[in-house]
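# Examination of the molecular architecture
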Amino acid sequence: MAKLVVVLGGDGVGPEVTEAATHILRQAEYPLEIQTPPCGEEVVDEFGTAFPDEARELCDKADAILFGSTGEASILIMAYLRYVLKTYANVRPMKYYPGSYSPLANPSNIDFVIVRENLEGMYPGREGDISDLAQALPDYRDLVGKKFADFGEGKFAIRIITKEGTDRIARFACELARKRKKKGSMGKVTCVTKQNMLRESCGLFKARVEQVLKDYPELEYEHFHVDDAARRLVRFPQKMDVIVASNMFGDILSDLGAELVGGLGIAPSGCYSDEKAYFESVHGSAPDIAGKGIVNPTATILSAAMMLEYLGLEREASALENAVASVYRERNILTRDQGGTATTMQFAQAVLKKNT
Ligand code: IPM
Ligand code: MN
(Lines give C-alpha, C1' and ligand atoms only; values in the text may rest on other atoms or scores of the structure.)
(Ligands and ions follow the chains in the order given, each with its own letter.)
Protein backbone atom coordinates (compact mmCIF):
# COMPACT_ATOMS: atom_id res chain seq x y z
CA MET A 1 0.00 0.00 0.00
CA ALA A 2 1.23 3.50 -0.78
CA LYS A 3 2.48 5.38 2.27
CA LEU A 4 0.35 8.35 3.35
CA VAL A 5 2.17 11.66 3.36
CA VAL A 6 0.38 14.73 4.70
CA VAL A 7 1.73 18.11 3.66
CA LEU A 8 1.00 21.15 5.84
CA GLY A 9 2.11 24.56 4.60
CA GLY A 10 1.76 26.54 7.82
CA ASP A 11 2.46 30.27 7.85
CA GLY A 12 4.40 32.89 5.89
CA VAL A 13 6.56 31.26 3.24
CA GLY A 14 5.49 27.80 4.46
CA PRO A 15 2.86 27.17 1.75
CA GLU A 16 5.32 28.26 -0.97
CA VAL A 17 8.13 25.94 0.11
CA THR A 18 5.79 22.98 0.58
CA GLU A 19 4.18 23.65 -2.81
CA ALA A 20 7.60 23.44 -4.42
CA ALA A 21 8.49 20.23 -2.60
CA THR A 22 5.07 18.68 -3.25
CA HIS A 23 5.43 19.44 -6.94
CA ILE A 24 8.60 17.38 -6.97
CA LEU A 25 7.09 14.55 -4.90
CA ARG A 26 4.12 14.33 -7.27
CA GLN A 27 6.02 14.64 -10.54
CA ALA A 28 8.59 12.06 -9.45
CA GLU A 29 5.76 9.56 -8.99
CA TYR A 30 7.02 8.03 -5.77
CA PRO A 31 4.73 5.36 -4.32
CA LEU A 32 3.08 7.85 -1.98
CA GLU A 33 -0.43 9.08 -1.37
CA ILE A 34 -0.04 12.81 -0.83
CA GLN A 35 -2.70 14.82 0.95
CA THR A 36 -2.63 18.60 1.34
CA PRO A 37 -5.46 19.57 3.70
CA PRO A 38 -6.13 23.27 4.33
CA CYS A 39 -4.22 24.71 7.29
CA GLY A 40 -2.16 27.65 8.46
CA GLU A 41 -2.79 31.37 8.83
CA GLU A 42 -4.54 31.59 5.44
CA VAL A 43 -7.44 29.39 6.63
CA VAL A 44 -8.00 30.92 10.08
CA ASP A 45 -10.83 33.19 8.86
CA GLU A 46 -12.65 30.29 7.22
CA PHE A 47 -12.13 27.56 9.84
CA GLY A 48 -11.53 29.57 13.00
CA THR A 49 -8.24 27.74 13.52
CA ALA A 50 -4.93 27.20 11.73
CA PHE A 51 -5.25 23.46 12.33
CA PRO A 52 -8.72 22.28 11.20
CA ASP A 53 -9.93 18.81 12.24
CA GLU A 54 -9.50 17.39 8.74
CA ALA A 55 -5.80 18.20 8.80
CA ARG A 56 -5.35 16.78 12.25
CA GLU A 57 -7.21 13.56 11.44
CA LEU A 58 -5.08 13.05 8.35
CA CYS A 59 -1.93 13.65 10.42
CA ASP A 60 -3.07 11.05 12.94
CA LYS A 61 -3.22 8.51 10.12
CA ALA A 62 -0.15 9.68 8.21
CA ASP A 63 3.04 7.68 7.82
CA ALA A 64 4.95 10.95 7.63
CA ILE A 65 4.22 14.67 7.58
CA LEU A 66 5.95 17.41 5.65
CA PHE A 67 5.57 20.82 7.27
CA GLY A 68 6.38 24.26 5.86
CA SER A 69 6.99 26.69 8.68
CA THR A 70 5.34 28.25 11.65
CA GLY A 71 4.67 31.88 12.49
CA GLU A 72 2.10 32.92 15.11
CA ALA A 73 -0.93 31.00 13.82
CA SER A 74 0.59 27.59 13.18
CA ILE A 75 2.26 27.29 16.59
CA LEU A 76 -0.76 25.02 17.20
CA ILE A 77 0.40 22.72 14.42
CA MET A 78 3.98 22.77 15.66
CA ALA A 79 2.75 21.89 19.17
CA TYR A 80 0.82 18.91 17.78
CA LEU A 81 3.73 17.75 15.63
CA ARG A 82 6.16 17.90 18.53
CA TYR A 83 4.31 17.37 21.81
CA VAL A 84 1.34 15.25 20.72
CA LEU A 85 3.32 13.05 18.35
CA LYS A 86 6.20 13.04 20.87
CA THR A 87 8.83 13.59 18.19
CA TYR A 88 11.69 13.79 20.64
CA ALA A 89 14.64 13.74 18.23
CA ASN A 90 15.06 16.81 16.05
CA VAL A 91 17.71 15.86 13.51
CA ARG A 92 19.32 18.70 11.57
CA PRO A 93 21.94 17.78 9.00
CA MET A 94 24.35 20.58 8.18
CA LYS A 95 25.99 19.68 4.92
CA TYR A 96 27.79 21.97 2.53
CA TYR A 97 26.80 21.64 -1.11
CA PRO A 98 29.48 23.25 -3.30
CA GLY A 99 27.99 26.27 -5.04
CA SER A 100 25.94 27.40 -2.06
CA TYR A 101 26.59 30.73 -0.45
CA SER A 102 28.57 29.99 2.72
CA PRO A 103 30.21 32.95 4.48
CA LEU A 104 33.22 30.77 5.37
CA ALA A 105 36.47 30.90 3.41
CA ASN A 106 36.63 27.12 3.39
CA PRO A 107 33.28 25.39 3.81
CA SER A 108 34.35 22.26 1.86
CA ASN A 109 33.36 18.96 3.40
CA ILE A 110 31.24 20.38 6.21
CA ASP A 111 28.95 17.48 7.02
CA PHE A 112 27.63 17.22 10.55
CA VAL A 113 24.27 16.67 12.21
CA ILE A 114 22.74 18.44 15.17
CA VAL A 115 20.54 16.12 17.21
CA ARG A 116 18.39 18.46 19.24
CA GLU A 117 16.28 17.16 22.10
CA ASN A 118 12.85 18.33 21.04
CA LEU A 119 10.46 17.98 23.99
CA GLU A 120 12.22 19.15 27.18
CA GLY A 121 14.77 21.75 28.25
CA MET A 122 13.60 25.37 28.12
CA TYR A 123 10.73 24.72 25.68
CA PRO A 124 7.82 24.99 25.67
CA GLY A 125 8.01 27.93 28.08
CA ARG A 126 7.23 27.00 31.68
CA GLU A 127 7.31 30.47 33.15
CA GLY A 128 5.73 32.63 35.77
CA ASP A 129 6.17 35.24 38.49
CA ILE A 130 9.18 34.96 40.78
CA SER A 131 6.88 35.62 43.74
CA ASP A 132 5.07 32.32 43.06
CA LEU A 133 8.36 30.50 42.91
CA ALA A 134 9.39 32.11 46.20
CA GLN A 135 6.24 30.73 47.83
CA ALA A 136 6.66 27.27 46.37
CA LEU A 137 10.33 26.97 47.23
CA PRO A 138 10.87 29.18 50.30
CA ASP A 139 14.12 27.52 51.36
CA TYR A 140 15.81 27.18 48.00
CA ARG A 141 19.15 28.94 47.70
CA ASP A 142 21.20 29.31 44.56
CA LEU A 143 24.93 28.92 44.10
CA VAL A 144 25.62 32.24 45.82
CA GLY A 145 23.07 31.71 48.61
CA LYS A 146 20.30 33.89 47.22
CA LYS A 147 16.63 32.96 47.83
CA PHE A 148 13.83 33.61 45.33
CA ALA A 149 12.27 36.00 47.84
CA ASP A 150 15.43 38.12 47.64
CA PHE A 151 14.61 39.13 44.07
CA GLY A 152 12.26 41.98 43.23
CA GLU A 153 9.35 41.67 40.84
CA GLY A 154 10.19 39.51 37.83
CA LYS A 155 9.70 36.29 35.89
CA PHE A 156 11.26 32.87 35.90
CA ALA A 157 11.62 30.14 33.28
CA ILE A 158 12.14 26.51 34.18
CA ARG A 159 14.43 24.12 32.36
CA ILE A 160 13.48 20.44 32.54
CA ILE A 161 16.07 17.74 31.93
CA THR A 162 14.95 14.19 32.65
CA LYS A 163 16.92 10.99 32.79
CA GLU A 164 14.51 9.25 30.43
CA GLY A 165 14.43 12.12 27.95
CA THR A 166 18.21 12.44 27.93
CA ASP A 167 18.88 8.70 27.62
CA ARG A 168 16.51 8.54 24.67
CA ILE A 169 18.10 11.44 22.77
CA ALA A 170 21.60 10.19 23.62
CA ARG A 171 20.79 6.75 22.24
CA PHE A 172 19.30 8.29 19.11
CA ALA A 173 22.46 10.35 18.58
CA CYS A 174 24.72 7.33 19.13
CA GLU A 175 22.72 5.17 16.73
CA LEU A 176 22.93 7.92 14.13
CA ALA A 177 26.70 8.30 14.66
CA ARG A 178 27.10 4.53 14.28
CA LYS A 179 25.08 4.54 11.05
CA ARG A 180 27.07 7.48 9.68
CA LYS A 181 30.36 5.83 10.63
CA LYS A 182 29.43 2.83 8.49
CA LYS A 183 29.09 5.25 5.58
CA GLY A 184 32.51 6.82 6.19
CA SER A 185 31.94 9.58 8.76
CA MET A 186 34.34 9.87 11.69
CA GLY A 187 32.03 8.28 14.25
CA LYS A 188 32.02 10.96 16.89
CA VAL A 189 29.43 12.29 19.31
CA THR A 190 29.89 15.82 20.63
CA CYS A 191 27.82 16.60 23.70
CA VAL A 192 26.98 20.28 24.22
CA THR A 193 25.88 21.65 27.60
CA LYS A 194 26.57 24.57 29.93
CA GLN A 195 27.47 22.32 32.81
CA ASN A 196 29.86 24.82 34.39
CA MET A 197 26.90 27.07 35.30
CA LEU A 198 23.93 24.68 35.13
CA ARG A 199 25.49 22.00 37.26
CA GLU A 200 22.39 19.98 38.03
CA SER A 201 20.44 19.99 34.78
CA CYS A 202 23.35 20.10 32.36
CA GLY A 203 25.27 17.87 34.75
CA LEU A 204 22.58 15.21 34.36
CA PHE A 205 22.44 15.66 30.59
CA LYS A 206 26.20 15.22 30.26
CA ALA A 207 26.34 12.28 32.68
CA ARG A 208 23.55 10.41 30.89
CA VAL A 209 25.07 10.99 27.45
CA GLU A 210 28.38 9.65 28.78
CA GLN A 211 26.62 6.64 30.29
CA VAL A 212 24.85 5.79 27.02
CA LEU A 213 28.12 6.23 25.10
CA LYS A 214 29.54 3.27 27.02
CA ASP A 215 27.40 1.01 24.84
CA TYR A 216 29.14 2.41 21.74
CA PRO A 217 32.86 1.71 22.18
CA GLU A 218 33.46 2.33 18.48
CA LEU A 219 32.42 5.98 18.80
CA GLU A 220 34.66 8.89 19.77
CA TYR A 221 33.26 11.28 22.33
CA GLU A 222 33.84 14.89 23.34
CA HIS A 223 32.04 17.51 25.37
CA PHE A 224 32.01 21.30 24.94
CA HIS A 225 30.21 24.05 26.75
CA VAL A 226 27.73 25.69 24.41
CA ASP A 227 29.63 28.97 24.07
CA ASP A 228 32.80 27.09 23.18
CA ALA A 229 30.81 24.86 20.83
CA ALA A 230 29.50 27.92 18.96
CA ARG A 231 33.05 29.14 18.42
CA ARG A 232 34.29 25.72 17.34
CA LEU A 233 31.45 25.37 14.86
CA VAL A 234 32.62 28.52 13.11
CA ARG A 235 36.32 27.72 13.36
CA PHE A 236 36.42 23.92 12.89
CA PRO A 237 33.08 22.85 11.37
CA GLN A 238 34.70 19.94 9.55
CA LYS A 239 35.65 18.35 12.88
CA MET A 240 32.02 17.82 13.87
CA ASP A 241 30.04 14.67 13.20
CA VAL A 242 27.01 14.23 15.48
CA ILE A 243 26.25 16.96 18.02
CA VAL A 244 23.79 16.15 20.77
CA ALA A 245 22.26 19.03 22.70
CA SER A 246 19.26 19.97 24.80
CA ASN A 247 16.39 21.83 23.18
CA MET A 248 17.36 25.51 23.29
CA PHE A 249 21.08 25.00 22.72
CA GLY A 250 20.24 22.79 19.74
CA ASP A 251 17.84 25.43 18.46
CA ILE A 252 20.44 28.19 18.61
CA LEU A 253 23.30 26.12 17.20
CA SER A 254 21.04 25.03 14.33
CA ASP A 255 20.73 28.55 12.98
CA LEU A 256 24.48 28.97 13.30
CA GLY A 257 25.06 25.64 11.55
CA ALA A 258 22.63 26.53 8.77
CA GLU A 259 24.55 29.73 8.02
CA LEU A 260 27.82 27.81 7.81
CA VAL A 261 26.45 25.70 4.98
CA GLY A 262 24.89 28.52 3.00
CA GLY A 263 22.03 29.94 4.99
CA LEU A 264 18.68 29.18 6.52
CA GLY A 265 17.26 28.49 3.07
CA ILE A 266 19.21 25.26 2.91
CA ALA A 267 19.09 23.42 6.24
CA PRO A 268 16.47 20.63 6.52
CA SER A 269 15.27 18.69 9.52
CA GLY A 270 13.39 15.60 10.58
CA CYS A 271 11.69 15.15 13.96
CA TYR A 272 11.30 11.54 15.04
CA SER A 273 9.36 9.65 17.66
CA ASP A 274 9.65 5.91 17.90
CA GLU A 275 6.48 5.58 15.77
CA LYS A 276 6.26 8.57 13.49
CA ALA A 277 8.17 11.47 12.03
CA TYR A 278 7.62 14.86 10.52
CA PHE A 279 9.94 16.90 8.36
CA GLU A 280 10.46 20.65 8.08
CA SER A 281 13.01 23.29 7.22
CA VAL A 282 15.06 24.79 10.06
CA HIS A 283 13.95 28.27 8.98
CA GLY A 284 10.89 30.13 10.19
CA SER A 285 8.00 31.73 8.30
CA ALA A 286 10.04 34.66 6.88
CA PRO A 287 7.02 37.02 6.62
CA ASP A 288 9.15 39.71 4.94
CA ILE A 289 9.45 37.65 1.75
CA ALA A 290 6.21 35.64 1.97
CA GLY A 291 3.87 35.61 -1.02
CA LYS A 292 6.50 36.79 -3.48
CA GLY A 293 7.46 33.41 -4.91
CA ILE A 294 11.13 34.00 -4.20
CA VAL A 295 11.80 31.94 -1.08
CA ASN A 296 14.46 29.26 -1.35
CA PRO A 297 12.68 25.87 -1.09
CA THR A 298 15.92 23.86 -0.73
CA ALA A 299 15.47 23.21 3.00
CA THR A 300 11.99 21.79 2.46
CA ILE A 301 13.07 19.75 -0.58
CA LEU A 302 15.95 18.27 1.43
CA SER A 303 13.52 17.64 4.29
CA ALA A 304 11.36 15.76 1.78
CA ALA A 305 14.44 13.71 0.87
CA MET A 306 14.90 12.86 4.56
CA MET A 307 11.25 11.84 4.57
CA LEU A 308 11.74 9.54 1.58
CA GLU A 309 14.59 7.84 3.43
CA TYR A 310 12.41 7.46 6.52
CA LEU A 311 9.68 5.87 4.39
CA GLY A 312 12.11 3.27 3.08
CA LEU A 313 12.76 4.97 -0.28
CA GLU A 314 16.51 5.26 0.28
CA ARG A 315 17.55 5.22 -3.37
CA GLU A 316 14.98 7.90 -4.22
CA ALA A 317 16.12 9.96 -1.22
CA SER A 318 19.74 10.05 -2.33
CA ALA A 319 18.75 10.73 -5.95
CA LEU A 320 16.78 13.78 -4.79
CA GLU A 321 19.64 15.00 -2.60
CA ASN A 322 22.04 14.52 -5.52
CA ALA A 323 19.69 16.49 -7.77
CA VAL A 324 19.77 19.41 -5.30
CA ALA A 325 23.57 19.13 -5.07
CA SER A 326 23.95 19.28 -8.83
CA VAL A 327 21.75 22.38 -9.17
CA TYR A 328 24.01 24.09 -6.63
CA ARG A 329 27.17 22.85 -8.33
CA GLU A 330 26.07 24.35 -11.65
CA ARG A 331 24.93 27.64 -10.10
CA ASN A 332 22.65 28.40 -13.06
CA ILE A 333 19.30 28.34 -11.36
CA LEU A 334 19.45 29.53 -7.77
CA THR A 335 17.22 31.72 -5.63
CA ARG A 336 18.19 35.25 -4.51
CA ASP A 337 19.57 34.27 -1.12
CA GLN A 338 22.13 32.22 -3.08
CA GLY A 339 23.01 35.03 -5.47
CA GLY A 340 20.67 33.90 -8.25
CA THR A 341 17.44 35.25 -9.72
CA ALA A 342 15.30 32.10 -9.89
CA THR A 343 11.85 31.92 -8.36
CA THR A 344 10.87 29.25 -5.86
CA MET A 345 9.17 27.16 -8.55
CA GLN A 346 11.95 27.63 -11.11
CA PHE A 347 14.38 26.23 -8.58
CA ALA A 348 12.05 23.28 -7.91
CA GLN A 349 11.78 22.63 -11.68
CA ALA A 350 15.57 22.64 -11.96
CA VAL A 351 15.83 20.05 -9.18
CA LEU A 352 13.14 17.93 -10.79
CA LYS A 353 15.03 17.94 -14.09
CA LYS A 354 18.13 16.55 -12.38
CA ASN A 355 16.17 14.04 -10.34
CA THR A 356 16.66 10.90 -12.34
C1 IPM B 1 12.88 25.81 15.03
C2 IPM B 1 12.09 27.07 15.25
C3 IPM B 1 11.05 26.81 16.32
C4 IPM B 1 11.78 26.35 17.57
C5 IPM B 1 10.15 28.00 16.63
C6 IPM B 1 9.47 28.53 15.40
C7 IPM B 1 9.15 27.67 17.70
O8 IPM B 1 12.92 28.11 15.60
O9 IPM B 1 12.29 24.81 14.63
O10 IPM B 1 14.08 25.82 15.25
O11 IPM B 1 12.37 27.15 18.28
O12 IPM B 1 11.80 25.17 17.82
MN1 MN C 1 15.02 27.62 15.56
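Residues numbered from 1 in each chain as written. Chains lettered and ligands numbered in written order. Predicted model: local features only at pLDDT ≥ 70, side-chain atom pairs only at ≥ 80, totals over all residues. Heavy atoms only, no water.

- With an unreviewed UniProt entry as reference, the chain is termed Isocitrate/isopropylmalate dehydrogenase family protein, source organism Candidatus Abyssobacteria bacterium SURF_17.
- Of the comments in the UniProt record for the chain, the one headed Sequence similarities (unreviewed entry) reads "Belongs to the isocitrate and isopropylmalate dehydrogenases family." (UniProt positions renumbered as here; feature names shortened; annotations may be inferred.)

## Considering the packing of helix H8 (residues 226-235) against helix H9 (residues 247-260)
- Here H8 crosses H9 at 10°, and the two axes come no closer than 10 Å. Taken together, H8 and H9 sit at an angle that is classed as roughly parallel. Mapping the contact onto sequence places Val226, Ala229, Ala230, Leu233 and Val234 in H8 and Phe249, Leu253, Leu256 and Leu260 in H9.
- Residue composition of the contact of H8 with H9, grouped by class: nine nonpolar, no polar and no charged. (Axes fitted to C-alpha atoms, helices over the stretch in contact; angles between N-to-C directions. Helix = DSSP H or I, 4+ residues; strand = E, 2+ residues; numbered from the N terminus. Parallel < 35°, antiparallel > 145°, perpendicular 65-115°, else oblique. Contact = heavy atoms within 4.5 Å. Nonpolar A, V, L, I, M, F, W, Y, C, P; charged D, E, K, R; others polar.)

## Overview of the site of ligand 1
- Around ligand 1, the surrounding shell consists of Thr70, Met78, Arg82, Arg92, Arg116, Tyr123 and Asp251.
- Arginine 82 places a side-chain nitrogen or oxygen 2.5 Å from an oxygen atom of ligand 1.
- Arginine 92 has a polar side-chain atom sitting 2.8 Å from an oxygen atom of ligand 1.
- Burial of ligand 1 by the protein chains amounts to 73% of its free accessible area of 320 Å². (Near = heavy atom within 4 Å. Polar contact = N/O pair within 3.5 Å; in protein donor to acceptor, adjacent residues only side chain to side chain. Areas by Shrake-Rupley, 256 points an atom, 1.4 Å probe, with all protein chains shown as cover.)

## As for the pattern of salt bridges
- Counted under the stated rule, the structure contains 18 salt bridges.
- Put simply, arginine 180 and aspartate 241 hold a salt bridge, and the shortest N to O gap is 2.8 Å. Highlighted residues: arginine 180 in helix H6 (residues 163-182) and aspartate 241 in the loop between H8 and strand S10 (242-245), separated in sequence by 61 residues. Pair check on accessibility: arginine 180 and aspartate 241 agree, each one buried.
- Between lysine 194 and aspartate 227 there is a salt bridge whose closest N-O contact spans 2.9 Å. Of this pair, lysine 194 sits in the loop between strand S8 (188-193) and helix H7 (201-213) while aspartate 227 sits in helix H8, and the two are 33 residues apart along the sequence.
- A residue is classified by how much of its surface remains accessible, and lysine 194, at 17% relative accessible area, is buried.
- We classify aspartate 227 as partly exposed; its relative accessible area is 46%.
- By sharing partners, the salt bridges in this structure join Asp111, Arg180 and Asp241 into a single network. (Salt bridge = Lys/Arg side-chain N within 4 Å of Asp/Glu carboxyl O. Buried < 20%, exposed > 50% of the residue type's maximum accessible area, 1.4 Å probe, protein only.)

## A word on the domain arrangement of the chain
- Parsing the chain into structural domains produces domain 1 (1-97 + 267-356) and domain 2 (102-122 + 159-261).
- Between domain 1 and domain 2, the C-alpha centre-to-centre distance is 24 Å.
- Taken together, the contact pairs 18 residues of domain 1 with 26 residues of domain 2.
- Across the interface of domain 1 and domain 2, roughly 1900 Å² is buried in total on both sides, 60% from carbon and sulfur atoms.
- It is Tyr88, Met94 and Tyr96 that lose the most area in domain 1 upon contact with domain 2, and together they represent 43% of the buried surface on that side.
- The interface formed by domain 1 and domain 2 holds zero salt bridges in total.
- On the surface where domain 1 and domain 2 come into contact, there are eight residue pairs in polar contact (both at pLDDT 80 or more).
- Within the residue set of the side of domain 1 that touches domain 2, elements represented by two or more residues are helix H4 (75-84), strand S4 (89-95) and strand S11 (268-272).
- Per-element accounting of the side of domain 1 that touches domain 2 gives the leading share, seven residues, to S4. (Domains from an automatic or database assignment. Buried area = accessible area lost by both parts, 1.4 Å probe.)

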